[in-house]
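This is what each chain is made of:
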Amino acid sequence: MSKIPVMEIFGPTIQGEGMVIGQKTMFVRTAGCDYSCEWCDSAFTWDGSGKELIRQMTAEEIWTELKRLGGDGFSFVTISGGNPALIRNLEGLVRILKENGIQIGVETQGSRWQDWLYDVNQVTISPKPPSSGMKTDFTVLTEIIDKLNARNGNQHISLKVVVFDEEDYEYAKKVHLRYPTIPFFLQVGNDDTTTKDQTKLVSHLLKKYERLINKVMADEELQNVKVLPQLHTLVWGNKRGV
Ligand SMILES: C[S@@+](CC[C@H](N)C(=O)[O-])C[C@H]1O[C@@H](n2cnc3c(N)ncnc32)[C@H](O)[C@@H]1O
Ligand SMILES: Nc1nc2[nH]cc(C(=O)O)c2c(=O)[nH]1
Ligand code: SF4
Ligand SMILES: [Mg+2]
C-alpha cells in the first residue's frame, strides 16, 4: 500500500480558521512543504525539528487512528500540513473518508494541484503575502481556482490571506480583486508563535484583530469579505495538536 507522511492526527476540535470556522473536525497534518514562510506556525512540518514525529501511514491506518481518537463523534476531517497538495497518495484517504460519509476540508497555499482536490468539500487556498518571504505563482493559483470552480462551483473554495503589515494588506486586496467571486477571508497574523504567555498573546492578537477590522470597514474596495482571527489561538494559544 502507498504511504502518506503524517506529522500528527488530532481531534475532535474546532476548525479555528476560515470558511468553516467553528466546525467540529478531526485534523490530519501531513509532513513537508514546498514553501518556508517566515512566520509559519507549523514549521515543524518542514524544518526538520519534527522529523522524529513523522509516520509513514497507509490511508487505512489513518482512518483507523481517526476512529480511535474520534469514535463515532465526528463527520468532518480537515487535512492540513505542510502542504497536503504535495501528496498524490492522499487520494486513498479522500476515498475512504467519502465512503464513510465524512466531509473533507483541505488547507493549502495554492502552489500545487492534485486531482483528489475535486472530491474535497471545502478547499481553503491561502496564497502567501510578502511578509512570508514567498512569491505567489499566479498562473498556478489561477489554474487551481479555475479547475475547482469549473467542476464544483465557487462555494466549495475560499481564499484566505494572512495579514501582518500594510504590504500584506495590499496583497490581500489584490488577490480578492483578482478573484472577486471566490469567498474571501482576511486572517490576523500571529507574530509570536512560540510564546507560552497566552494571556499576553491573546490580548495582543485581539488588538491586531480590531485594527484589521477597522481598516477593512473603512475600505470601500473591500466589500464582500470576512475578517477573522485564528480562533484556536485565542482559545489555546500556541499549543500544538488542538
Ligand atoms: C500551517 S498552514 C498549512 C496549510 C498550507 N501550507 C497553507 O499555508 O495554507 C495552515 C494555515 O495557517 C496559516 N498560518 C500559518 N502561520 C500563521 C501565523 N503565524 N499566523 C496566522 N496564520 C498562520 C497559513 O496561512 C494557512 O492558512
Ligand atoms: N483548531 C485548529 N484549526 C485550524 N485551522 C487550520 C489549522 C492548520 O494548522 O492548518 C488549524 C489547527 O491547527 N487547529
Ligand atoms: S505554506 Fe503553509 S505550511 Fe508551508 S511554510 Fe507557509 S504557512 Fe507553513
Ligand atoms: Mg495552524
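Residues numbered from 1 in each chain as written. Chains lettered and ligands numbered in written order. Predicted model: local features only at pLDDT ≥ 70, side-chain atom pairs only at ≥ 80, totals over all residues. Heavy atoms only, no water.

- Going by what an unreviewed UniProt entry lists, the protein chain is known as 7-carboxy-7-deazaguanine synthase and is assigned to Ureibacillus thermophilus.
- Its UniProt record gives the protein chain a comment under Function (unreviewed entry), which states: "Catalyzes the complex heterocyclic radical-mediated conversion of 6-carboxy-5,6,7,8-tetrahydropterin (CPH4) to 7-carboxy-7-deazaguanine (CDG), a step common to the biosynthetic pathways of all 7-deazapurine-containing compounds."
- We quote the UniProt Subunit (unreviewed entry) comment for the protein chain here in full: "Homodimer." (UniProt positions renumbered as here; feature names shortened; annotations may be inferred.)

Notes on the sheet that holds strand β4 (residues 76-80)
No. 1: Within the open sheet, the nine strands sit side by side as β3-β1-β2-β4-β5-β6-β7-β8-β9. Their pairing is mixed. Both edges of this open sheet fall to β3 (55-57) and β9 (225-228), since each of them pairs with a single strand only. The mean angle between the axes of side-by-side strands here comes to 30°, regardless of whether they run parallel or antiparallel.
No. 2: Here four bridges tie strand β5 (residues 103-108) to strand β6 (residues 122-125), and the two strands are oriented parallel to one another. Its bridge partner lying in β6, V106 is registered against V123.
No. 3: Relative to strand β1 (residues 4-14), helix α1 (residues 59-70) is tilted by about 25°, and along the sheet it contacts β1, β2 (24-30), β3 and β4.
No. 4: The strands that helix α3 (residues 138-152) touches are β6 and β7 (157-163); relative to β6, the one it contacts most, it runs at about 165°. (Pairing = 2+ DSSP bridges. Helix = DSSP H or I, 4+ residues; strand = E, 2+ residues; numbered from the N terminus. Axes fitted to C-alpha atoms, helices over the stretch in contact; angles between N-to-C directions. Contact = heavy atoms within 4.5 Å.)

Details of the nonpolar core
No. 1: Ranked by size, the top nonpolar core spans 58 residues in total, and within it I62, L66, V77, I125 and L186 carry the most contacts.
No. 2: When residues in this core are grouped by element, the largest group, six residues, is from helix α5 (residues 198-217).
No. 3: For I125, the residues in contact, after removing those within four places along its chain, are T108, Q109, G110, L141, I144, I145, L148, I157, S158, L159 and K160. (Core = buried A, V, L, I, M, F, W, Y, C linked by side-chain atoms within 4.5 Å. Buried < 20%, exposed > 50% of the residue type's maximum accessible area, 1.4 Å probe, protein only.)

Looking at the pattern of salt bridges
No. 1: For the structure on display, the rule yields 11 salt bridges.
No. 2: A salt bridge links D119 to K98; the nearest nitrogen and oxygen atoms lie 3.2 Å apart. Highlighted residues: D119 in the loop between β5 and β6 and K98 in helix α2 (residues 90-99), separated in sequence by 21 residues.
No. 3: For D119, a relative accessible area of 35% puts it in the partly exposed group.
No. 4: Two residues, K208 and D191, come together in a salt bridge whose shortest N-O distance is 3.2 Å. Here K208 is found in helix α5, whereas its partner D191 is found in the loop between β8 (184-188) and α5, with 17 residues between them in sequence.
No. 5: For K208, a relative accessible area of 11% puts it in the buried group.
No. 6: A relative accessible area of 43% means that D191 is categorised as partly exposed.
No. 7: One salt-bridge network, in which partners are shared between bridges, spans E17, E107 and K160. (Salt bridge = Lys/Arg side-chain N within 4 Å of Asp/Glu carboxyl O.)

Let's talk about the site of ligand 1
No. 1: Lining the immediate environment of ligand 1, one finds 22 residues, of which W39, G82, Q109, K128 and N190 sit closest.
No. 2: Here K128 contributes a side-chain N or O atom positioned 2.8 Å from an oxygen atom of ligand 1.
No. 3: Q187 places a polar side-chain atom, nitrogen or oxygen, 3.1 Å from a nitrogen atom of ligand 1.
No. 4: Breaking the shell around ligand 1 down by element, the ones donating at least two residues are β5, β7 and β8.
No. 5: Residue composition of the shell around ligand 1, by class: five nonpolar, 12 polar and five charged. (Near = heavy atom within 4 Å. Polar contact = N/O pair within 3.5 Å; in protein donor to acceptor, adjacent residues only side chain to side chain. Nonpolar A, V, L, I, M, F, W, Y, C, P; charged D, E, K, R; others polar.)

A word on the site of ligand 3
No. 1: Neighbouring ligand 3 are C33, Y35, S36, C37, C40, W46, G82, Q109 and K128.
No. 2: Grouping the amino acids of the shell around ligand 3 by side-chain chemistry returns five nonpolar, three polar and one charged.

Structural notes on the UniProt feature "binding site: substrate" (unreviewed entry) in the protein chain
No. 1: Sites flagged by UniProt as "binding site: substrate" (unreviewed entry) map to I14, Q15, G16, R29 and S80.
No. 2: Mapped onto the elements, Q15 comes out in the loop between β1 and β2.
No. 3: The buried category is assigned to Q15, whose relative accessible area is 4%.
No. 4: Beyond its immediate chain neighbours, meaning those up to four positions away, Q15 contacts V20, I21, G22, Q23, T25, F27, T78 and E107.
No. 5: At 2.9 Å, the side chain of Q15 forms a polar contact with the backbone nitrogen of E17.
No. 6: Structurally, G16 is set in the loop between β1 and β2.
No. 7: Given a relative accessible area of 1%, G16 falls into the buried group.
No. 8: Those residues in contact with G16, other than ones at most four positions away along the chain, are I21, P229, Q230, L231 and H232.

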